[in-house]
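# Summary of structural features
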Amino acid sequence: LTGCGFELRQTPPLPFNRIALIGFAARSPLADELRERLAGTVQVVATPGQADVVLQALDDRRERSVVASTAAGQVRELQLRVKFEFRLNLPGGRELVGPTELMLSRDMSYSESFALAKGQEEAELYAAMQADIVQQVLRRLARADLAAPRASGAPAAASAPNRP
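This write-up is about the structure you can find in this document. No experiment lies behind these values; they were computed from the predicted model shown.

### Things to note about the nonpolar core
Of all hydrophobic cores here, the largest spans 35 residues; its most connected members are I19, F24, L34, L38, L55 and L141. For this core, the secondary structure elements donating two or more residues are strand 1 (18–22), helix 1 (29–39), strand 3 (53–69), strand 4 (75–89), strand 5 (95–109) and helix 2 (115–142). No other element matches helix 2, which puts eight residues into this core. When sequence neighbours within four positions are dropped, the list of residues in contact with L34 reads L21, F24, L55, V134, V137 and L138.

Below you can see the structure in the form of structure tokens.
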């Protein structure tokens, strides 16, 4: 593999040295993985005053819903979702990355006779989705431009027209 150019995916270089993570739940697995991945390239600090940038979690949740069931009411298929919404600011309040929502979902068959195995499969699917979201967040952090101020009147994203 040394001559083929293959290289494992790594954390992209980030344009800052210190980051504070705020707004996460006390036991957020996504926050833990994000801290772990960031620790290799930047310093994760406890307070926004010590940081170059502040990553604020607006929403961090896992959802599980029944997609299909039998006539007897037994669950046959589940949909698992991981949703993460965040923004990136400077400690002074200037927005670098506006509110961004990342959502992943996976469908999973379910059988009560294999409940233990399906529980393990569910945990593995959540872990894979979480790792994907962390990688997407890191790519967005790598593109943050700390030097260029945003135009004060420019919207962060195009809005849909109001329809009656």
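### Considering the sheet that holds strand 4
One key point about sheets: their strands pair by backbone hydrogen bonds, in either a parallel or an antiparallel sense. Here five strands make up an open sheet; going across it, the order is 2-1-3-4-5 and the pairing mixed. Looking at which strands have only one partner, the edges of the open sheet turn out to be strand 2 (43–45) and strand 5. Taking the axes of each pair of neighbouring strands and ignoring which way they run, one obtains an average angle of 30° across the sheet. Sheet contacts for helix 1: strand 1, strand 2, strand 3 and strand 4; angle to strand 1, the most-contacted strand, approximately 175°. Strand contacts of helix 2: strand 1, strand 3, strand 4 and strand 5, with the helix running at about 155° to strand 5, the strand carrying the most contacts.

### Comments concerning the pattern of salt bridges
For the structure shown, the criterion picks out nine salt bridges. With a shortest N-O distance of 3.2 Å, R18 and D52 are connected by a salt bridge. Of the two residues, R18 sits in strand 1 while D52 sits in the loop between strand 2 and strand 3, which places them 34 residues apart along the sequence. Since its relative accessible area comes to 31%, R18 is described here as partly exposed. With a shortest N-O distance of 2.6 Å, R61 and D59 are connected by a salt bridge.

### Notes on the pairing of strand 3
Note on strand geometry: in a regular strand, side chains alternate between the two faces of the sheet. By the bridge criterion, four bridges tie strand 1 to strand 3 in an arrangement that is parallel. In the strand pairing of strand 3, A20 is matched with V54. Pairing analysis gives 14 bridges linking strand 3 to strand 4, with the strands arranged antiparallel. Along strand 4, the bridge assignment pairs L55 with L88.

The rules behind these values
- Counting starts from 1 at the beginning of each chain's written sequence and moves along it residue by residue.
- At least 70 in pLDDT is required for a residue's local features to be given in this predicted model, at least 80 for side-chain atom pairs to be given and counted, and no such filter applies to totals for whole chains, interfaces and linings, which use all residues.
- Calculated side-chain values reflect all of the structure's heavy atoms, with hydrogen atoms and water omitted.
- Working definition of a nonpolar core: buried Ala, Val, Leu, Ile, Met, Phe, Trp, Tyr and Cys residues. They are joined through side-chain atoms within 4.5 Å.
- Relative accessibility under 20% of the residue-type maximum defines a buried residue, over 50% an exposed one, and the middle range a partly exposed one, all with a 1.4 Å probe and only protein chains included.
- For the purposes of this entry, the term helix denotes a DSSP run of H or I that reaches at least four residues, the term strand denotes a run of E that reaches at least two, and both are numbered from the N terminus.
- Residues are treated as being in contact if the distance between any of their heavy atoms lies within 4.5 Å.
- Pairing between strands requires that DSSP locate at least two bridges from one strand to the other.
- Throughout, an axis means a line fitted to C-alpha atoms (over the contacting stretch in the case of helices), and angles, computed between N-to-C directions, take values from 0 to 180 degrees.
- We count a salt bridge whenever a side-chain nitrogen from Lys or Arg sits within 4 Å of a carboxyl oxygen from Asp or Glu.

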